[in-house]
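Examining the three-dimensional arrangement
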Amino acid sequence: MNDDVRNIVLGVIAAGVSASLGWLARTYLWKRRLRRKQAFFGLPDNSESLLVVNRDPATSEPAVHRFDVFALLELSALIKDCGAHIQVATQDTAHQGFGERTEFCVGGPGSNRRMLAHMAAMLPGVRVTVDPEPGPDRGAFRIGVELYRMDPGVTEYVLLARLTMGESAGARPVFLFCGQRAIDNQAGTRYLARHHERLARKYGGDPFVLLLKVVNSQAYGPDVVELVADVTRAARAPLPEPDPSADATASASRPARS
């Protein structure tokens, strides 16, 4: 074998070894990223997940708003990427506990009784105004002592939460997407799809509650979303009880009517 042939053979071998090492490295990184994603969502291979969707409050018939359908499609893509299976249930048929499989619950408490139950059990510091009558506080969020009103189409809010019940290491999380309008639900799911890696690095398996602002949805749809604050502590602490002595003082200070 002359030098030219030997150099060609060595070059081919070196190229093959480099390609194999590169493939192995990419496969390792892809699997590690997938495992982190599965751990964050609580979705190991071939696991089961539940999507709970609300009803469209604008119709008398059982129906799902188109923006909520878009939200379900975005969540379905995340679940399929994890190699998990999906079951879809409406808010009035999901009569089961949680913790055994990952749940994604979409819609505010006014149109999703499952969301109402989750918030009462795990977010005692949050109140949502569900009064159907028009008014400045319609759909407003009260988180602790702060009030967040919406300006429809201009400034709206959505709560994105990852919660677990109890201290069991094997408990699967519940993800909540509680928007003031249906388009805000989709904005919350899109934010999770885009930022789940950063959220996983920051929170790991710990619960969190994020308040997001949807900016100018009438022009930008669900795409422009800003993080307002991490409200985990306020949302998970019970709201302070009204002070009756303060009410009595206020009543005594009012002038008597003649």
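Overview of the structure. Not measured: the values here are computed from a predicted model.

Some details on helix α4 (residues 182-203)
The terminal C-alpha atoms of α4 lie 27 Å apart, and with 22 residues this falls more than 12% below the ideal 32 Å at 1.5 Å per residue. His195 marks the point of greatest bend in α4, at about 70°. Trailing α4 by a residue or two, Gly204 shows a phi angle of about 60°, which is positive.

Observations concerning the nonpolar core
Counting 27 residues, the largest nonpolar core has Phe41, Phe104, Leu160, Phe177, Leu192, Leu199 and Leu210 as the members making the most contacts within it. Looking at this core, the elements that each hand over two or more residues are α1 (3-41), β1 (48-53), α2 (66-81), β3 (102-106), β7 (155-163), β8 (174-179), α4 and β9 (208-215). Among all residues touching Leu199, those that are not within four sequence positions of it are Phe40, Leu160, Leu192, Gly204, Phe208 and Leu210. Cys105, Leu123, Leu163 and Cys178 belong to the second-largest nonpolar core, a separate cluster that totals 23 residues.

Observations concerning the pairing of β1
Of all 6 residues making up β1, 5 are buried, and the element is well covered by its neighbours. Two elements, β1 and strand β2 (residues 85-90), share 6 bridges in a ladder whose sense is parallel. Note on β2: the bridge partner recorded for Val53 is Thr90. The pairing of β1 with β3 spans 4 bridges and is parallel. Paired with Leu51 across the bridge in β3 is Phe104.

Definitions and cut-offs
Residues numbered from 1 in each chain as written. Predicted model: local features only at pLDDT ≥ 70, side-chain atom pairs only at ≥ 80, totals over all residues. Heavy atoms only, no water. Helix = DSSP H or I, 4+ residues; strand = E, 2+ residues; numbered from the N terminus. Expected span 1.5 Å × (residues − 1). Bend = angle between axes of the 7 residues up to and from the residue. Core = buried A, V, L, I, M, F, W, Y, C linked by side-chain atoms within 4.5 Å. Buried < 20%, exposed > 50% of the residue type's maximum accessible area, 1.4 Å probe, protein only. Contact = heavy atoms within 4.5 Å. Pairing = 2+ DSSP bridges.

Everything listed here is a matter of coordinates, which is why it stays silent on function.
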